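So the chains spell out like this:
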Amino acid sequence: MPANPARGEASLRVAGETLTLRPSFAALVAAEGELGPLFALVERAAEGRLALTEMVALFWHCLRERPEALTRDAFGEAVVAGGLAIATPALREVLRQVLAGR
């Protein structure tokens, strides 16, 4: 099922597969538990200081469905292989949801 922008979802193409990111409350709580306050994360992103590991962790927690064989390390490698230009629109949408909500 494709991403539903009305639900705040974003699509991310990695390793030849389109995955859906859904920044639900539970996903954002899990991300915040690992990464610290999300507003600080948004500030770092706005300043160009968001670490790749932070972006991958945020995406990982927001994955609506994870392919069974996909590990977090493989996911991170696939995001890097796809390039930041591919990941940036999804990151922008997830961060917009952090700030604006649905």
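Residues numbered from 1 in each chain as written. Predicted model: local features only at pLDDT ≥ 70, side-chain atom pairs only at ≥ 80, totals over all residues. Heavy atoms only, no water.

**Observations regarding the packing of aromatic side chains**
Phase 1: Scanning the model with the defined rule gives one aromatic pair in all.
Phase 2: Where Trp 60 meets Phe 75, the ring centres are 5.6 Å apart and the plane angle is 50°; that geometry is what we call tilted. Placement of Trp 60 in helix α3 (residues 52-62) and of Phe 75 in helix α4 (residues 72-82) is noted, with a sequence separation of 15 residues between them.
Phase 3: What makes Trp 60 buried here is its relative accessible area of 10%. (Phe/Tyr/Trp six-rings, centres within 6.5 Å; stacked < 30°, edge-to-face > 60°. Helix = DSSP H or I, 4+ residues; strand = E, 2+ residues; numbered from the N terminus. Buried < 20%, exposed > 50% of the residue type's maximum accessible area, 1.4 Å probe, protein only.)

**What to know about α3**
Phase 1: Buried residues dominate α3, accounting for nine of its 11 residues.
Phase 2: Here α3 has its buried residues at Glu 54, Met 55, Val 56, Ala 57, Leu 58, Phe 59, Trp 60, His 61 and Cys 62.
Phase 3: Turning to α3, the residues buried within the fold contact β1 (10-14), β2 (17-21), α1 (25-35), α2 (38-46), α4 and α5 (84-100). (Contact = heavy atoms within 4.5 Å.)

**Quick look at the nonpolar core**
Phase 1: The biggest cluster of nonpolar side chains holds 29 residues, and the ones touching the most others in it are Leu 12, Leu 21, Leu 58, Phe 59, Phe 75 and Val 79.
Phase 2: Elements with a minimum of two residues in this core: β1, β2, α1, α2, α3, α4 and α5.
Phase 3: Counting residues per element, this core draws most heavily on α3, which supplies seven residues. (Core = buried A, V, L, I, M, F, W, Y, C linked by side-chain atoms within 4.5 Å.)

**Side note on the side chain of Glu 93**
Phase 1: Here Glu 93 shows up in helix α5.
Phase 2: Of the residues examined, Glu 93 reaches a relative accessible area of 19% and is grouped as buried.
Phase 3: In contact with Glu 93, other than residues within four places in its own chain, are Gly 8, Glu 9 and Ala 10.

**Re the pattern of salt bridges**
Phase 1: According to the stated counting rule, one finds six salt bridges in the structure shown.
Phase 2: The shortest N-O distance in the salt bridge between Arg 22 and Glu 9 comes to 2.6 Å. With Arg 22 in the loop between β2 and α1 and Glu 9 in the segment before β1, this residue pair connects regions lying 13 residues apart in the sequence.
Phase 3: Here Glu 47 ties to Arg 49 by a salt bridge, and the two come within 2.7 Å at their closest N and O atoms. Assigned by exposure class, Glu 47 and Arg 49 land together as exposed.
Phase 4: Connected through shared salt-bridge partners, Glu 9, Arg 22 and Arg 64 make up one network. (Salt bridge = Lys/Arg side-chain N within 4 Å of Asp/Glu carboxyl O.)

Remember that the coordinates give geometry; whether it matters functionally is a separate question.
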